[in-house]
Amino acid sequence: TNSWQQGGGSAASTVPRITVDNGGTLDMGGISNNYTTANITLNNGILTNSVANSTGPGTTVNLVIGSLGGTVSSASGTTLTINGVVSGSAALAIGETGKAGTVIFSGASSTYSGNISIGVGTLRLTGALPSAINVTMTGTSVWDLQATQTVASLTMASGNSITRVSGTSSLTVTGASTLANSITTSGLQTYSGAVTLAANTTLTTTNSNVTFNSTINGTTAATQSLTIANGTGLIILNSNVGGTVAL
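Thresholds applied
Residues numbered from 1 in each chain as written. Predicted model: local features only at pLDDT ≥ 70, side-chain atom pairs only at ≥ 80, totals over all residues. Heavy atoms only, no water. Buried < 20%, exposed > 50% of the residue type's maximum accessible area, 1.4 Å probe, protein only. Helix = DSSP H or I, 4+ residues; strand = E, 2+ residues; numbered from the N terminus. Pairing = 2+ DSSP bridges. Salt bridge = Lys/Arg side-chain N within 4 Å of Asp/Glu carboxyl O. Phe/Tyr/Trp six-rings, centres within 6.5 Å; stacked < 30°, edge-to-face > 60°.

> I'm lost on the pairing of strand β11 (residues 102-105) in this one. Help?
Two faces, one strand: in a regular strand the side chains alternate between the faces of the sheet. Because side chains alternate across β11, one face comprises the buried residues Thr102 and Ile104, and the other comprises Val103 and Phe105, equally buried. By the bridge criterion, 4 bridges tie strand β8 (residues 79-82) to β11 in an arrangement that is parallel. Bridge pairing links leucine 80 to valine 103 in β11. Sheet topology note: the β11/strand β13 (residues 122-125) ladder contains 4 bridges and is parallel. Paired with isoleucine 104 across the bridge in β13 is arginine 124.

Encoded structure:
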């Protein structure tokens, strides 16, 4: 079946490499902390956690996204932490149907540069990813951003939100953005490409600037609204607002 679950018993000191492919699943629920390092490759495979909150091995989990992509999820009410390097450039999906838990990427030296889709549950990012990533959010998924992050593009739907449960954060989008619902950071928010509002949208910072370097438009005339709550921070508009589709 190409599916594997490690229970909580004793184990060898290292797991050198595990590859999950052909639609298989690796379940990290209850994995023994006797492991020191796991190097996991997903190539049309799924890494999940179905039993309890898990960081996997006691020291490091490194994740490689192979050429066929992969999915990382955690059961509702649980967390799965990837605390090492995330690498690769193929598509990475966060969450599965029926698994609305929290996936945490906390590694500080990740090199992943592909397209991330957050479809179910929460992605908590405490270690920044490279700026080449494109982020797409669907359904009611949440991106808990606790890092200084630049992305190439950002697409949100009306049920999504970008939050900051703790720590500090800032967000820069170098390309086009489709925004919706709410985005909260402690630091700056900068949108360099064209912005389209998919729903009423509130942008919140802690006394930090919000900058738009291109146009802002709605999707249906006089339907979407934009609210900016940034305390003593500046609101910087470097192009037209509602010039094509009025807010």
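Moving on from the model shown.
> Looking at this structure, I do not really get the pattern of salt bridges. What am I missing?
Between side chains of opposite charge, pairing is possible as soon as their charged atoms come close. Overall, the coordinates contain 2 salt bridges when judged by the stated rule. One salt bridge in this structure joins glutamate 96 and lysine 99, with 3.7 Å as the shortest N-O distance. Classification of glutamate 96 by relative accessible area gives partly exposed; the value is 22%.

> Would you take a moment to explain the packing of aromatic side chains for this structure?
The geometry of an aromatic ring pair is captured by the separation of the ring centres together with the interplanar angle, meaning the angle of the planes. If you walk through the whole model with that rule in mind, you get 1 aromatic pair. When the centroid spacing of 5.4 Å and the interplanar angle of 20° are considered together, the rings of tyrosine 191 and phenylalanine 212 count as stacked. Within this pair, whereas tyrosine 191 is found in strand β21 (residues 189-191), its partner phenylalanine 212 is found in strand β23 (residues 210-212), the two being separated by 21 residues in sequence.

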